[in-house]
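Take a look at the letters that make up each chain.
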Amino acid sequence: MAKLPHVVIVGAGFGGLAATRGLRRVDVDVTIVDRNNYHLFQPLLYQVASGLLDPSAIASPVRTIVRRSPNVDVLRAEVTGVDLAQRRVITSAETLDYDYLVIASGSETDYFGNEDARQRSTGLKDLSEALGLRSQLLGCFERATLTADADARRRLLTFAVVGAGPTGVEYSGAVAELIKHVLPKDYRRIDFTEVSVVLIEAGDRVLATFAPRLGRLAERSLQRKGVRIILGRSVRGVDDQGIVLDSGERVETSTVVWTAGVRATTPLDLEGDALARSRRVKVTPELNLSSHPEVFVIGDAAAFEQAGAVLPMLAPVAIQGGKYVGKAIAARLKAQESPPFHYHDKGTMATVGRGAAVAQIGPIHIDGLVGWFIWIFVHLLYLVGFRNRALALWSWAWNYFFWDRPVRLIISASDDR
Ligand SMILES: Cc1cc2nc3c(=O)[nH]c(=O)nc-3n(C[C@H](O)[C@H](O)[C@H](O)COP(=O)(O)OP(=O)(O)OC[C@H]3O[C@@H](n4cnc5c(N)ncnc54)[C@H](O)[C@@H]3O)c2cc1C
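Residues numbered from 1 in each chain as written. Predicted model: local features only at pLDDT ≥ 70, side-chain atom pairs only at ≥ 80, totals over all residues.

**Student:** Can you walk me through the overall build of the protein chain in this structure?
**Tutor:** In terms of helices and strands, the protein chain carries 11 helices and 27 strands. On C-alpha atoms alone, the protein chain measures out to a radius of gyration of 22 Å, which is about the 22 Å that the 2.2 N^0.38 rule sets for 417 residues. The dimensions of the protein chain, computed from C-alpha atoms along their principal axes, are 75 × 45 × 45 Å. Taken over 417 residues, the protein chain has a buried fraction of 47%. Contacts in the protein chain between residues far apart in sequence, at least 24 positions, make up 66% of those at least 6 positions apart. (Helix = DSSP H or I, 4+ residues; strand = E, 2+ residues; numbered from the N terminus. Rg over C-alpha atoms; globule rule 2.2 N^0.38 Å. Buried ≥ 20, exposed ≤ 12 C-beta atoms within 10 Å, placed from the backbone. Contact = placed C-beta atoms within 7 Å.)

**Student:** Looking at this structure, I do not really get the domain arrangement of the protein chain. What am I missing?
**Tutor:** Quoted interface sizes are often the accessible area lost when the parts come together. Considered domain by domain, the protein chain is made up of domain 1 (6-35 + 77-109 + 263-333) and domain 2 (115-260 + 354-416). Taking the mean C-alpha position of each, domain 1 and domain 2 sit 32 Å from one another. With four residues of domain 1 at the contact, the number on the domain 2 side is five residues. In terms of residue class, the side of domain 1 that touches domain 2 is made up of two nonpolar, one polar and one charged. (Domains from an automatic or database assignment. Nonpolar A, V, L, I, M, F, W, Y, C, P; charged D, E, K, R; others polar.)

**Student:** Just checking my understanding: could you explain the sheet that holds strand β15 (residues 242-245) for this structure?
**Tutor:** Ordered in space as β14-β15-β16, the three strands form an open sheet in which the pairing is antiparallel. Pairing within the sheet leaves two strands with one partner each, and these edge strands are β14 (235-239) and β16 (250-252). Taken over all neighbouring pairs, the strand axes of this sheet differ in orientation by 15 degrees on average, direction set aside. Looking at chain direction, β15 and β16 are connected through three bridges and run antiparallel. (Pairing = 2+ DSSP bridges. Axes fitted to C-alpha atoms, helices over the stretch in contact; angles between N-to-C directions.)

**Student:** Looking at this model, I keep getting lost on the environment of G168. Mind explaining?
**Tutor:** Positionally, G168 belongs in helix α7 (residues 166-186). Take G168: there are 25 C-beta atoms within 10 Å of it, and that puts it in the buried class. Separated by 39 residues in the primary sequence, G168 and L207 have C-alpha atoms spaced 9.0 Å apart. Those residues in contact with G168, other than ones at most four positions away along the chain, are V161, G163, L199 and T259.

And the structure:
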């Protein structure tokens, strides 16, 4: 029997999985490679970091997801390079030859060259960081109960979040609610007037990618929860005692969460003109490398321009890119041309705590409880698997009715920092 064309997909995130699904009924052999054996639903990482969700509610084993796709093989390995000329993907486990390559390797936290920040703060990009943050936060409360020194105690009980985009807003809102409604029942020896959440943003408003009115609503909602918001200040440095701002002001803290930006990460050896802002790979209207039409780049890793702007790093962009690639490869196998990729923007949203969210769907702007219900619906739609949807829905309902974050476990060594 003739050998089928081999498609290698790097990354089992939103884009990689969508491409894999798109190729399920196409006459190709697919190998999906990821360093993790699970697909991670990153938009809910902040709920793991704030004790609401168990990690297994937002992560699903890749082998389980693809087990009904007989043409898909899974390789758990680190992709260390791509030989474009020889059409080979080099991984920590083996080398894979390909006929088509799909790069869906996503992005990593961008510290913008601030080495102190990289070493002394935690990003919110993967499960280990989310679990580390949960342990760090609860560990600070444990140590604060034992600390007589008032300055040290205040430092332990101040939680700084850098970057007021959706992740920073969602995480600081969730932590503020944890502090206001849940932890006072656990830590009776702590004076909660000493506890604070500080959100620092270099720009002049929170949620800069949303309409100004929604940004203001989110800002007021966070302030009502007790979050101190510092706008127009960037982080000059991070040291053992906390953050130094460009104004010279210090924020004394033991916990710095860095949500100020991400940049693309790919195993492709590309520099200079081949890359756009945030190291995203420039692609053709068909999501290919112009020099190698058999190589597709999608999702956060790709810089795709539409209507004069590069598409944002969002899950729907990656999913639609993955679906497109599935169809494009199927078309090429039949020697047909595929139309250029076109992204359909279905809107963006962010939660601002329990029962409140802002959503922007074209010209329609929604906030409050209605926004939150839309947010719930959309997230349930995108979560992988019935069990995960049920677990998430149960946890949100539990938190809504009982103001409780049940997963308050310190299980990581990182609470010793
Ligand atoms: C905290 C947080 C909140 C977010 N909230 C939202 C939101 O509310 N709405 C929204 O639309 N988007 C949100 N996003 C953005 C969204 O998650 C990304 O845009 C989306 O995940 C991009 O999909 P992707 O397929 O390009 O990459 P990813 O989903 O990041 O997948 C990349 C995969 O590649 C693997 N990988 C990378 N490099 C290698 C390598 N060298 N070897 C092996 N495997 C590798 C990774 O392990 C990962 O599984 C959020 C992101 C974060 C971090």
